Amino acid sequence: MLLDATPGEQAALRREHRRDRFFELSTRGFALLVLVLLATILGSLIVSGWPALAKFGWGFFTEDRWAANLNRFGALPAIYGTLVTSAIAVAIAVPVSLGIAIFLTEKCPRALRRPLGTTVELLAGVPSIIYGMWGVEVLAPFLQSHFPSLFPAGTGLTTAGLILAVMIIPFITAITRDVMQTVPPMMRESAYGLGCTTWEVTRHVIFPSVKAGMVGGVILGLGRALGETMAVTFVIGNNLFFNPTITGQGTSIAALIANQFPEADGLQRSALLALGLMLFVITFIVLALARVMLNRMDQRAPK
Amino acid sequence: MSTHTSTHLTPSNPVYRRRRMLNRLVMLFCVSAAAFGILWLLLILFSLVTKGITALDVTVFTERTRMTGGGLGNAILGSLIMTSLATVAGTIVGVAAGTWLAEYGGQSRLANLTRFINDVLLSAPSIIVGLYIYAIVVLPTGHFSGWAGVAALSVLIIPVVIRATEDMLRLVPNTLREAASALGAHRWWVVCKVCYGGARAGITTGILLGCARISGETAPLIFTSLNTNQWNFFDLGSEMPNLPMTLYQNMTINSFIPRQVELAWAGALILTVAILVLNILARVIAERKKG
């Protein structure tokens, strides 16, 4: 505090100082809300899913059917469906997205680069319910009429996987392209100067230096596929019995919750909330992994 | 030496030919991947536009949803109300939290933890947020309500706004802050007048992108606001009609009525166009700032 300040000025200084404190503390309160959010999400799902978890124990994860009429609830069909659909989606989306990203950064004519890049980003914003509607109205009937032996009903795990792939392609492409663009032009030019072909530059210069970021992007896409609800619910077939098939009908955690929740109460509702808890824990681990990898990229990338 | 070099580079050199072939093959794959990806997405947009436009007319906007057809007016209104309230709430919380992270948090352990959790919540499945609000709002109050829907959408938009605010405030050069402080401005005044001024366009872009994201969210609304076929102007205490849920119900439980499916496509077109407009607006604001 200034010694030669008049009492009025000192009061003003103190007032401003109080405002400073207030501003910092209130914004910190809002920031802490993020942590509170995470804690309450976990807490509320544990509390409300506990009755089912306590009743079924580990059997909840191995029971092969979800039979509300018998009060038997098993997560196995949903877990299996979630893993299979996500695996199919990632297996298709990763090569395609990498191809598009390489095309956009290395081969695309300069005039097309920005419009195509923007289109990809805009498509990443199309809501998932649109993909689901397209799947049930266009893709499922198409598969049913052209491959009736594989897709007798048109819907199923593979159909859902295909829709998910189409949905996460723009997503993975956008991230991969962004990290590939962080490679300094100097490195790229040096490799070209040594006589490398475009593929050799991509394979030996760009890929090694952005590996973490690309893996992070792919895992982020996987996280999206694991938790996706609306695109999957329409086309997965909603078979509540465990069926070890790739093309047949099944269900996923998110689809099961969305389908059953409106009519559920009591033990079934608790079982669905326990499923939600499981989904949250799985996606949290996957997304945390992706973030660790992407953050490693950010620290290195020149801003 | 010079002859040696030239044999290396002649097109007949097998190593050179192999490298060139491999390069062509991979580039061919990349071009076809791009064509393949864009083809699928064009197919989806094509169905959306052709199926949507045929069902679109004025009554879609003015009539409420009915079993026998009607329109989507109440659903559009409900979605507008919930999305805008959630955007306002999310903006207040998100900008404040982002400000703390950028201006005060620094690299402290708490700030880094908050940042990390926020990044994870940013891409957490939206259905989980729906279940969460169901457990903490709908179960205690005993009924579905518009407020629960607003709460779920706010939880979804907050991480987006936090991230945008922090990133944009970090772009404001430190010399500006120092200049303002040197003139005797207090910290809160520096943040409010100098930093927000510089970051306004970027933060607006982030809010618009977040708003675009929550407008299409369906899964969280199943457990929170539910849906109704009545007009609901401002009674957020009861069930709130909304566009995404109407699309979902029209395509599932009501899909045996052809008019409902048509309406669903009209709604899907309206929703997608609205989201694209928000996205493009966000980009235009970001671009103008750069220019």
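Residues numbered from 1 in each chain as written. Chains lettered and ligands numbered in written order. Predicted model: local features only at pLDDT ≥ 70, side-chain atom pairs only at ≥ 80, totals over all residues. Heavy atoms only, no water.

**Comments concerning the overall build of chain B**
No. 1: Helices and strands together make up the secondary structure of chain B, namely twelve helices and two strands.
No. 2: Counting from the amino terminus, helix and strand elements in chain B follow one another as α-α-α-β-β-α-α-α-α-α-α-α-α-α.
No. 3: Considering only C-alpha atoms, chain B reaches an extent of 85 × 65 × 35 Å along its principal axes.
No. 4: Sequence-distant contacts in chain B: of pairs separated by 6 or more residues, those separated by 24 or more amount to 74%.
No. 5: About 13,100 Å² of surface is accessible on chain B, with carbon and sulfur atoms providing 70% of the total.
No. 6: The centroid of the 22 positive side-chain charges in chain B is displaced by 14 Å from the centroid of its 12 negative side-chain charges. (Helix = DSSP H or I, 4+ residues; strand = E, 2+ residues; numbered from the N terminus. Contact = heavy atoms within 4.5 Å. Areas by Shrake-Rupley, 256 points an atom, 1.4 Å probe, with all protein chains shown as cover. Lys, Arg positive; Asp, Glu negative; His and termini not counted. Charge placed at Lys NZ, Arg CZ, Asp CG, Glu CD.)

**Observations concerning the nonpolar core**
No. 1: A:Phe60, A:Trp66, A:Tyr131, A:Met133, A:Ile257, A:Leu275 and B:Ile127 are the most contacted members of the largest nonpolar core, which has 174 residues in total.
No. 2: Aside from chain neighbours lying at most four places away, what touches A:Tyr131 is A:Leu123, A:Val126, A:Ile163, A:Val166, A:Met167, A:Pro170, A:Ala231, B:Leu41 and B:Ile44. (Core = buried A, V, L, I, M, F, W, Y, C linked by side-chain atoms within 4.5 Å. Buried < 20%, exposed > 50% of the residue type's maximum accessible area, 1.4 Å probe, protein only.)

**A word on the UniProt feature "transmembrane region" (unreviewed entry) in chain B**
All names here are of chain B.
No. 1: This chain's UniProt record puts "transmembrane region" (unreviewed entry) on residues 25-49, 76-104, 116-138, 144-162 and 263-286.
No. 2: The distance separating the terminal C-alpha atoms of residues 116-138 is 29 Å; by composition the span is 87% helix and 0% strand.
No. 3: Secondary structure content for residues 144-162 is 89% helix and 0% strand, while the C-alpha to C-alpha distance between its ends is 28 Å. (UniProt positions renumbered as here; feature names shortened; annotations may be inferred.)

**Some words on the environment of B:Leu243**
All names here are of chain B.
No. 1: Mapped onto the elements of the fold, Leu 243 is located in helix H11 (residues 243-251).
No. 2: It is 33 Å that separates the C-alpha atoms of Leu 243 and Ala 199, two residues lying 44 residues apart in sequence.
No. 3: What Leu 243 contacts, discounting residues up to four positions off in sequence, is Leu 72, Ala 75, Ile 76, Ser 79, Gly 267, Ile 270 and Leu 271.

**Side note on the UniProt feature "domain: ABC transmembrane type-1" (unreviewed entry) in chain B**
No. 1: The UniProt record annotates "domain: ABC transmembrane type-1" (unreviewed entry) at residues 76-282 of chain B.
No. 2: End C-alpha to end C-alpha, residues 76-282 of chain B measures 22 Å, and it is 78% helix and 0% strand.

**A word on the pattern of salt bridges**
No. 1: For the structure shown, the criterion picks out 18 salt bridges over all chains.
No. 2: Where B:Arg115 meets B:Glu166, a salt bridge forms, and the shortest distance between an N and an O atom there is 2.8 Å. Placement of B:Arg115 in helix H5 (residues 109-122) and of B:Glu166 in helix H7 (residues 146-171) is noted, with a sequence separation of 51 residues between them. By the burial criterion, B:Arg115 is buried, and B:Glu166 matches it.
No. 3: Residues joined in a network through salt bridges with shared partners are A:Glu121, A:Arg177, A:Asp178 and B:Arg283. (Salt bridge = Lys/Arg side-chain N within 4 Å of Asp/Glu carboxyl O.)

**Digging into the UniProt feature "domain: ABC transmembrane type-1" (unreviewed entry) in chain A**
No. 1: Per the UniProt record, the feature "domain: ABC transmembrane type-1" (unreviewed entry) sits at residues 79-290 of chain A.
No. 2: Spanning residues 79-290 of chain A, this segment combines 77% helix with 0% strand, and its end C-alpha atoms are found 21 Å apart.

**Overview of the packing of helix H4 (residues 73-105) of chain B against helix H9 (residues 187-215) of chain B**
Residues and elements named next belong to chain B.
No. 1: Remark: H4 packs on H9, axes separated minimally by 9 Å, with the N-to-C direction vectors making an angle of 135°. The orientation of H4 relative to H9 falls into the category oblique. Note on packing geometry: the crossing formed by H4 with H9 is right-handed. Packed against H4, whose contacting residues are Thr 83, Ala 86, Thr 87, Thr 91, Val 95, Thr 99, Glu 103 and Tyr 104, the element H9 presents Arg 187, Trp 188, Val 191, Cys 195, Tyr 196, Ile 203, Ile 207, Cys 211, Ile 214 and Ser 215 at the interface.
No. 2: Residues belonging to the contact of H4 with H9 are distributed by class as follows: eleven nonpolar, five polar and two charged. (Axes fitted to C-alpha atoms, helices over the stretch in contact; angles between N-to-C directions. Parallel < 35°, antiparallel > 145°, perpendicular 65-115°, else oblique. Left-handed = near helix turned anticlockwise from the far one by under 90°. Nonpolar A, V, L, I, M, F, W, Y, C, P; charged D, E, K, R; others polar.)

**Re a nonpolar patch on the surface**
All names here are of chain A.
No. 1: A grouping of Leu 42, Ile 46, Trp 50, Val 281 and Ile 285 is seen on the molecular surface, where their side chains present a nonpolar patch of about 460 Å² in accessible area.
No. 2: When contributions to the nonpolar patch are tallied by element, the ones reaching two or more residues are helix H1 (7-56) and helix H11 (266-300).
No. 3: Considering each element in turn, the nonpolar patch owes the most residues, three residues, to H1.
No. 4: Relative to the helices and strands, Val 281 is located in helix H11.
No. 5: Residue Val 281 is classed as partly exposed on the basis of its relative accessible area of 38%. (Patch = residues over 30% accessible without salt bridge, like charges linked within 9 Å, V, L, I, M, F, W, Y side chains within 5 Å.)

**Notes on the confidence of the model for chain B**
Caution is warranted with low-pLDDT regions, since their predicted coordinates should not be read in detail.
Residues and elements named next belong to chain B.
No. 1: On average, residues of chain B score 90 in pLDDT, and 95% of them reach the 70 mark or higher.
No. 2: Per-residue pLDDT stays below 50 along residues 1-6; that stretch engages in zero contacts with residues further than four places along the chain or on separate chains.
No. 3: Both confidence scores are given for the complex: pTM 0.91, ipTM 0.90. (pLDDT = per-residue confidence, 0-100.)

**Focus: the interface of chain B and chain A**
No. 1: At the junction of the two partners, chain B supplies 79 residues and chain A supplies 82 residues.
No. 2: Together, the buried faces of chain B and chain A total about 7,200 Å²; carbon and sulfur atoms form 80% of this surface.
No. 3: Taken together, the links from chain B to chain A amount to three salt bridges.
No. 4: Close ionic contact of B:Arg19 with A:Glu200 constitutes a salt bridge, the shortest N to O distance being 2.7 Å.
No. 5: Inspection of the chain B/chain A interface yields 13 residue pairs in polar contact (both at pLDDT 80 or more).
No. 6: Per-element accounting of the side of chain B that touches chain A gives the leading share, 21 residues, to helix H2 (residues 14-55) of chain B. (Buried area = accessible area lost by both parts, 1.4 Å probe. Polar contact = N/O pair within 3.5 Å; in protein donor to acceptor, adjacent residues only side chain to side chain.)

**Structural notes on the packing of aromatic side chains**
Ring pairs (aromatic) are described by centroid distance and by the angle formed between their planes.
No. 1: Taken as a whole and judged by the stated rule, the model has 17 aromatic pairs over all chains.
No. 2: Between A:Phe234 and B:Tyr248, the aromatic rings sit 5.8 Å apart at their centres with planes inclined by 70°, giving edge-to-face as the arrangement. With A:Phe234 in the loop between helix H9 (230-233) and helix H10 (253-260) and B:Tyr248 in helix H11, the pair connects residues from two separate chains.
No. 3: Look at A:Phe280 and A:Phe284: their rings are 6.0 Å apart centre to centre, the planes differ by 55°, and that puts the pair in the tilted class. Of this pair, A:Phe280 and A:Phe284 are both found in helix H11, four residues apart, which corresponds to roughly one turn of the helix.
No. 4: You can call A:Phe284 partly exposed: its relative accessible area is 22%.
No. 5: Members of the aromatic cluster, each reached through a chain of ring pairs, are A:Phe56, A:Trp58, A:Phe60, A:Phe61, A:Trp66 and A:Phe73. (Phe/Tyr/Trp six-rings, centres within 6.5 Å; stacked < 30°, edge-to-face > 60°.)

**Concerning the side chain of A:Thr159**
No. 1: Looking at where A:Thr159 falls in the secondary structure, it is placed in helix H6 (residues 157-181).
No. 2: Look past the residues within four positions of A:Thr159 in its chain and what remains in contact with it is A:Leu139, A:Ala140, A:Leu143, A:Phe151, A:Gly154 and A:Val235.

**Here we look at the UniProt feature "transmembrane region" (unreviewed entry) in chain A**
Residues and elements named next belong to chain A.
No. 1: Under the UniProt annotation, "transmembrane region" (unreviewed entry) lies at residues 29-53, 73-104, 116-136, 156-176 and 271-294.
No. 2: A distance of 29 Å separates the end C-alpha atoms of residues 156-176, which is 95% helix and 0% strand.
No. 3: Along residues 271-294, the helical share is 100% and the strand share 0%, with 34 Å between the first and last C-alpha atoms.

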